[in-house]
Amino acid sequence: LCLWWNLMTAAGWKALADSPVLDTVEELDLSAYDRGIDAGGPRCPGNGGAKALAASPRLKRLRALQVADCRIGGPGGAALAASPHLANLESLSLN
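Quick look at the structure, then. As the structure is a prediction and not an experimental result, all values here were calculated from the model. (Residues numbered from 1 in each chain as written. Predicted model: local features only at pLDDT ≥ 70, side-chain atom pairs only at ≥ 80, totals over all residues. Heavy atoms only, no water.)

This part covers the environment of T9. Position of T9 relative to the elements: it lies in the segment before α1 (10–17). Along the sequence, T9 and G46 sit 37 residues apart, while their C-alpha atoms lie 8.2 Å from each other. (Helix = DSSP H or I, 4+ residues; strand = E, 2+ residues; numbered from the N terminus.)

What follows deals with the packing of α1 against helix α2 (residues 46–54). For any two helices packed against each other, one specifies the crossing angle of their axes together with the interaxial distance. Contact geometry for α1 and α2: axes closest at 8 Å, N-to-C directions at 10°. Between α1 and α2, the angle is such that the two are roughly parallel. Where α1 abuts α2, its residues A10, W13, K14 and A17 lie against G48, G49, A50, A52 and L53. Residue composition of the contact of α1 with α2, by class: six nonpolar, two polar and one charged. (Axes fitted to C-alpha atoms, helices over the stretch in contact; angles between N-to-C directions. Parallel < 35°, antiparallel > 145°, perpendicular 65-115°, else oblique. Contact = heavy atoms within 4.5 Å. Nonpolar A, V, L, I, M, F, W, Y, C, P; charged D, E, K, R; others polar.)

Before going further, it helps to spend a moment on the packing of α2 against helix α3 (residues 74–82). At a minimum axis distance of 8 Å, the contact between α2 and α3 shows a crossing angle of 10°. Between α2 and α3, the crossing angle belongs to the class labelled roughly parallel. Side by side, α2 and α3 meet where N47, A50, K51, L53 and A54 of the first sit next to G74, P75, G76, A79 and L80 of the second. Its residues assigned to classes, the contact of α2 with α3 comprises six nonpolar, three polar and one charged.

Here we take up α2. Among the residues of α2, those classed as buried are G46, G49, A50, A52, L53 and A54. As for α2, its buried residues are in contact with α1, β2 (64–66) and α3. (Buried < 20%, exposed > 50% of the residue type's maximum accessible area, 1.4 Å probe, protein only.)

In this section: the environment of A32. Within the fold, A32 resides in the loop between β1 (27–29) and α2. Excluding residues within four positions of it along the chain, A32 makes contact with W5, A68 and D69.

As a further point, take the sheet that holds strand β3 (residues 91–93). The strand order across the open sheet built from three strands is β1-β2-β3, with neighbouring strands paired in parallel fashion. Edge positions in the open sheet fall to β1 and β3, since each of these has one partner strand only. Averaged over all neighbouring strand pairs, the angle between strand axes comes to 0°, with direction disregarded. Note: β2 against β3, three bridges, orientation parallel. Bridging from a neighbouring strand, A64 pairs with S91 of β3. (Pairing = 2+ DSSP bridges.)

Below, the structure is given as C-alpha cells:
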C-alpha cells in the first residue's frame, strides 16, 4: 500500500493503524513527508505516528515498512523495533 507524500499527522497514522484495511497489507510506504510544510511541527507524524503503527496488531503481516522523512526519532524507532506486531518485518526504512 503506497501512501507516500501524504500529509497525515500522528492522528492520521493512528487512524490508519486502526483500519481493517491493513489486516492483509504486506508492504506499507508512508515515506517522503513534505518537509517544506511544518517540518517537525504538529502536522508531521514523527514519534507519535511511529508509536501508533508499532502498537497496531493489524500490521502483523507487514514485511516492508517505509517511513523515511517523517521525522521519526529514537523513541519512535525504538517502538517500531520492539513491536511484537512487526515480527515479520524484513525491511524498515527510516531515512
